[in-house]
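Residue-level listing of the chains:
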Amino acid sequence: MKTRIKICGLTREADVDAAVAAGADAIGFVFYPSSPRYVTPQRAAELAKRIPPFVDIVGLFVNAAPEVVQATCGALPINVLQFHGDEDAAYCRQFARPYLRAARVRPGLDLVEFGRSFPEARGLLLDAFVEGYGGGGHVFDWTLIPPALPAFLVLSGGLTAGNVGEAIRRVRPVAVDVSSGVEMSKGIKDHSKIAAFVAAVRKADESI
Ligand SMILES: O=C(O)c1ccccc1N[C@@H]1O[C@H](COP(=O)(O)O)[C@@H](O)[C@H]1O
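Residues numbered from 1 in each chain as written. Predicted model: local features only at pLDDT ≥ 70, side-chain atom pairs only at ≥ 80, totals over all residues.

> Tell me about the overall build of the protein chain, and name the residues and values.
When helices and strands are counted, the protein chain shows seven helices and 10 strands. The C-alpha atoms of the protein chain give a radius of gyration of 16 Å, which matches the 17 Å a tight globule of 208 residues would have. For the protein chain, the C-alpha atoms occupy an extent of roughly 40 × 40 × 30 Å along the three principal directions. Across the 208 residues that make up the protein chain, the buried fraction comes to 40%. Considering only residue pairs separated by 6 or more positions, the protein chain has 56% of its internal contacts joining residues 24 or more positions apart. (Helix = DSSP H or I, 4+ residues; strand = E, 2+ residues; numbered from the N terminus. Rg over C-alpha atoms; globule rule 2.2 N^0.38 Å. Buried ≥ 20, exposed ≤ 12 C-beta atoms within 10 Å, placed from the backbone. Contact = placed C-beta atoms within 7 Å.)

If you want it as structure tokens, here you go:
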């Protein structure tokens, strides 16, 4: 099956165009003010106008006030919410929209139990445990992923064109999510890295 690709943390028109042209399945906007990739809802709405139908728009939040999530959903057509903080299931479900729940993987975290506690989640996004909640470009130990999870698995954390093929062959996620690995600096994407990342995913898809 084709591995879906999400490119996250876009802040510039040219980067959105490059991700779409390369064949990204989803574009992520970071609505976490502490992130160097933060965009205001108004800025994201401008950028989103360049995203064609059937490429999903993902809105990433970290412990945001519900009113902020609601207002952001009113500003642009977000298809999927991504909760990357300490949000519980009641918080996540209140928006009545598809959502990904991020788990920051570390030894001792029971991912099966974690997944079960978000029964409505569209997918479980696995990321490295880093300070600042995410987007740190760190790979975690993929052997910590149990063989069966109670939700679709989206793999992230330090993925690059150089390691995403191995990640797909070993972990078999339904989707991969990348930010740091396709950047020249935080929030500024490198178009050749985006193209190389997408090509590496497609090459891996052919080999499994
Ligand atoms: O991108 C950010 O700045 C960010 C901030 C807070 C939480 C998550 C964030 N990004 C997400 O982190 C993972 C891993 O990204 P990376 O490729 O290792 O840089 C990914 O899901 C991003 O969407």
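Having put the structure on the table, let's press on.
> Report on helix α6 (residues 164–171), specifying residues and quantitative values.
What α6 keeps buried is the set Val 164, Ala 167 and Ile 168. Down the axis of α6, the smallest arc covering the buried residues is 95°, so these residues share one side. Exposed side of α6, more than 90 degrees from the buried face: Glu 166, Arg 169 and Arg 170 are the residues found there. With its phi angle positive at about 55°, Arg 172 sits one or two positions after the end of α6. (Arc of directions from axis to C-beta.)

> How would you summarise the site of the ligand if you had to cite specific residues and measurements?
What surrounds the ligand is a group of 26 residues, the closest being Cys 8, Ser 35, Gly 134, Gly 135 and Ser 180. Within the shell around the ligand, the residues separate by chemical class into nine nonpolar, 14 polar and three charged. (Near = placed C-beta within 6 Å. Nonpolar A, V, L, I, M, F, W, Y, C, P; charged D, E, K, R; others polar.)

> Account for the pairing of strand β8 (residues 175–178), naming residues and giving values.
Here β8 shows two buried faces, one formed by Ala 175 and Asp 177 and the other by Val 176 and Val 178. Note that strand β1 (residues 4–8) and β8 share four bridges and pair parallel. Looking across to β8, one finds that Ile 7 is bridged to Val 178. By the bridge criterion, two bridges tie strand β7 (residues 153–155) to β8 in an arrangement that is parallel. By the bridge assignment, Val 154 is partnered in β8 with Ala 175. (Pairing = 2+ DSSP bridges.)

> Explain the UniProt feature "domain: N-(5'phosphoribosyl) anthranilate isomerase (PRAI)" (unreviewed entry) in the protein chain to me, using residue names and the numbers behind them.
This chain's UniProt record puts "domain: N-(5'phosphoribosyl) anthranilate isomerase (PRAI)" (unreviewed entry) on residues 5–199. Spanning residues 5–199, this segment combines 29% helix with 23% strand, and its end C-alpha atoms are found 11 Å apart. (UniProt positions renumbered as here; feature names shortened; annotations may be inferred.)

> Please give an account of the packing of helix α1 (residues 13–22) against helix α7 (residues 191–207) that cites residues and values.
In contact at an axis separation of 9 Å, α1 and α7 are set at 25° when each is read in the N-to-C sense. Classified by the interaxial angle, the pair formed by α1 and α7 is roughly parallel. As for the relative orientation of α1 and α7, their crossing is right-handed in sense. For the pair formed by α1 and α7, the contact residues are Ala 18, Ala 19 and Ala 22 on the first element and His 191, Ile 194, Ala 195 and Val 198 on the second. Looking at the contact of α1 with α7, its residues break down into six nonpolar, one polar and no charged. (Axes fitted to C-alpha atoms, helices over the stretch in contact; angles between N-to-C directions. Parallel < 35°, antiparallel > 145°, perpendicular 65-115°, else oblique. Left-handed = near helix turned anticlockwise from the far one by under 90°.)

> An account of the confidence of the model for the protein chain is requested, with residue identities and associated values reported.
Here the protein chain averages 97 in pLDDT, while 100% of its residues score no lower than 70. What the predictor reports for the complex is a pTM of 0.97 with an ipTM of 0.98. (pLDDT = per-residue confidence, 0-100.)

> Could you give an account of the nonpolar core, naming the residues involved and the relevant values?
If you look at the biggest cluster of nonpolar residues, it comprises 55 residues, and the most contacted ones within it are Ile 7, Ile 27, Phe 61, Val 164, Val 176 and Phe 197. Here this core takes five residues from α7, the largest share from any one element. Not counting residues up to four positions away in its chain, the partners in contact with Ile 27 are Ile 7, Leu 10, Val 16, Ala 19, Ile 51, Val 55, Ile 57 and Val 58. (Core = buried A, V, L, I, M, F, W, Y, C linked by C-beta atoms within 7 Å.)

> How would you summarise the sheet that holds strand β6 (residues 123–128) if you had to cite specific residues and measurements?
Strands sit in the order β1-β2-β3-β4-β5-β6-β7-β8 around a closed barrel of eight strands; the barrel is parallel. Within the sheet, the average angular offset between the axes of one strand and its neighbour, ignoring direction, is 25°.

> Describe unusual backbone geometry, listing the residues and the values that go with them.
Negative phi values dominate among residues other than glycine, just as trans dominates among peptide bonds. Positive phi, close to 75°, is recorded for Phe 54, a residue that is not glycine. Looking at the secondary structure, you find Phe 54 in the loop between α2 (41–48) and β3 (56–61). For Phe 54, a count of 7 C-beta atoms within 10 Å corresponds to the exposed category. Non-glycine residue Arg 172 carries a positive phi angle of around 55°. If you trace the backbone, Arg 172 turns up in the loop between α6 and β8.

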